[in-house]
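Summary of structural features
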Amino acid sequence: MKVSIGAATDIGQVREGNEDSFLVVAPLYAVADGMGGHRGGEVASSLALETVQGMFERREGSLADQVVEANRAVFDRSQNDRTVSGMGTTLTAALVDGNRVHLVHVGDSRAYLLRGGELAQLTEDHTLVHRMVMEGEISQEEAETHPQRSILTRALGVDQSVQVDEGDVEVSDGDRLLLCTDGLTGMVPEGQIREILLESADPQEAVEKLVKVANRAGGIDNITAVILDFSEDGSGPGETKQTAIPQQPTMERPVAEPLPEASTARGPKTPSRAARPAPGARPGAPRRSSRRVGRKVGIWAGVTLAVVALGMVGLRLYLDTQWFVGVSNGRVAIFRGVPTEVGGFELHSVVVETSIPAEEAQALALYRDLPDGITADDRTGAETIVESIRDDVARFEQPTS
């Protein structure tokens, strides 16, 4: 079966650097979304894909084995290089073998299949919010705007071992496979992604349009997309004669011990706000005057939205430079942002949740105010505070002779 490829990545409208990476080495394709700051995220995503590519070209192990080794490579680099300490990355990859595609997945990047005009998500997000949805704590609608929707429960490089989801999907003539990071799915609704995939027959044109639309929607994260079109007779995407879309492949076969419950996160997503419709002109007013009033209202509404958007971008940039140490799920954690909330929205997110019990740290007078947040100048300063807490807690627990 013939495979046509389109691939694109973009820094977005807010980030200072691109922490995404993608791999296109037929028949292997992958996307990765790094975390841990500009340098750390970029190193994590590129190192993970370089490790997978190297092992694949040397024919060492299965694709899942290669991802496990990528986890080890990122973790070891994070432990040995303080400049990228705490980094990690998502990874979603597809290995094409005829009409069978083998998928492996860790994190919240995604794989989608377009078939017969229908779009189906093939991977499961490894996020705290998705877990809350599955356990019935919140609805899917609430998950889309939840302040903790960026917190990952699984990622490469944050622990010595990782659980890798893997599964197979049979593809047919006219199918289109999309691999993408959450910089796309966080900005563009699935319905609009489906429309773009159906409208653009050329895969490169399609990925470029997806990136463009995500940037227009705000582009608050890096954006990466890879499209694989499968064809035998040149039919367009989604035109397969097989109308039934396959069920989500079983992506639950672990290849290593699962991660502990410690969570990691990238920067928070800022929920979009819809403008309130402007009231119309008074009944009985001349039509020409009504149009003028409508234009003026439209102009002011546009100005207001622009001011709000600029304010949100400025706030996002400011929060990305703020760090503190606090408490998450009963453990000492490093946060990005400020330890407060406005209008019900928390202005911070968990970056690293340690194994140090917060109760033991608070037992020491020096860290009694830990729940209120101990501010730091930068991430390195926050990590220094955490190490001091770890040392002090260990010293306090040692029996006296």
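Residues numbered from 1 in each chain as written. Predicted model: local features only at pLDDT ≥ 70, side-chain atom pairs only at ≥ 80, totals over all residues. Heavy atoms only, no water.

**Thoughts on the pairing of strand E14 (residues 323–328)**
For E14, the tally of buried residues reaches five of six residues, placing the bulk of the element in the interior. Bridge analysis of E14 against strand E15 (residues 331–342) gives six bridges, and the strand direction is antiparallel. Counted as the bridge partner of Val 325 is Ile 334 from E15. If you look at the hairpin formed by E14 and E15, you'll find two residues sitting between the two strands, and Asn 329 has a positive phi there, around 55°. Examined bridge by bridge, E14 and strand E17 (residues 374–376) share three bridges and lie antiparallel to one another. Bridge pairing in E17 places Val 325 opposite Ile 374. (Buried < 20%, exposed > 50% of the residue type's maximum accessible area, 1.4 Å probe, protein only. Helix = DSSP H or I, 4+ residues; strand = E, 2+ residues; numbered from the N terminus. Pairing = 2+ DSSP bridges.)

**A word on the side chain of Arg 115**
For Arg 115, the position within the fold is in strand E7 (residues 110–115). Note on Arg 115: relative accessible area 1%, which makes it buried. Only 2.9 Å separates the side chain of Arg 115 from the backbone oxygen of Glu 170, close enough to count as a polar contact. (Polar contact = N/O pair within 3.5 Å; in protein donor to acceptor, adjacent residues only side chain to side chain.)

**Some details on the environment of Ser 45**
For Ser 45, the location among the structural elements is in helix H1 (residues 37–57). Of the residues examined, Ser 45 reaches a relative accessible area of 0% and is grouped as buried. In sequence terms Ser 45 and Leu 91 are 46 residues apart; their C-alpha atoms lie 7.9 Å from each other. Among all residues touching Ser 45, those that are not within four sequence positions of it are Glu 19, Asp 20, Ser 21, Ala 32, Asp 33, Gly 34 and Thr 89. Within the structure, Ser 45 has its side chain in polar contact with the backbone oxygen of Glu 19 (distance 2.8 Å). (Contact = heavy atoms within 4.5 Å.)

**What to know about the environment of Gly 12**
Mapped onto the elements, Gly 12 comes out in the loop between strand E1 (2–10) and strand E2 (20–25). Residues Gly 12 and Asp 221, 209 residues apart in the sequence, show an inter-C-alpha distance of 5.7 Å. For Gly 12, the residues in contact, after removing those within four places along its chain, are Asn 215, Gly 219, Asp 221 and Ile 223.

**Considerations on the packing of helix H6 (residues 190–199) against helix H7 (residues 203–216)**
Between H6 and H7, whose axes approach to 9 Å, the crossing angle comes to 150°. With respect to each other, H6 and H7 are oriented roughly antiparallel. Between H6 and H7 lies a crossing of right-handed hand. Across the interface between the two elements, Gln 192, Ile 193, Ile 196, Leu 197 and Glu 199 from H6 touch Ala 206, Lys 209, Leu 210 and Val 213 from H7. (Axes fitted to C-alpha atoms, helices over the stretch in contact; angles between N-to-C directions. Parallel < 35°, antiparallel > 145°, perpendicular 65-115°, else oblique. Left-handed = near helix turned anticlockwise from the far one by under 90°.)

**Some words on unusual backbone geometry**
Glycine aside, residues mostly have negative phi, and peptide bonds are mostly found in the trans state. Cis rather than trans, the peptide bond between Ala 26 and Pro 27 has omega equal to 5°. Inspection of the secondary structure puts Pro 27 in the loop between E2 and strand E3 (28–35). In this model, Arg 59 sits at a positive phi of 60°, which is unusual for a non-glycine residue. With respect to the helices and strands, the residue Arg 59 is situated in the loop between H1 and helix H2 (63–80). With a phi angle near 55°, Asn 329 is a residue other than glycine that sits in the positive phi range. By the secondary structure assignment, Asn 329 is in the loop between E14 and E15.

**Side note on the packing of aromatic side chains**
A complete count under the given rule lists one aromatic pair for this structure. Ring centres of Phe 324 and Phe 335 lie 4.7 Å apart, and the angle between their planes is 5°; on these two criteria the pair is classed as stacked. Of this pair, Phe 324 sits in strand E14 while Phe 335 sits in strand E15, and the two are 11 residues apart along the sequence. Relative accessible area serves as the criterion here: at 6%, Phe 335 is assigned to the buried category. (Phe/Tyr/Trp six-rings, centres within 6.5 Å; stacked < 30°, edge-to-face > 60°.)

**Notes on the environment of Gly 218**
Among the structural elements, Gly 218 can be located in the loop between H7 and strand E12 (223–231). By relative accessible area, which is 26% here, Gly 218 ends up partly exposed. Sequence-wise, Gly 218 and Met 187 are 31 residues apart; in three dimensions their C-alpha atoms are separated by 7.1 Å. Setting aside anything within four residues of it in sequence, one finds Gly 218 in contact with Gln 13, Val 14 and Met 187.

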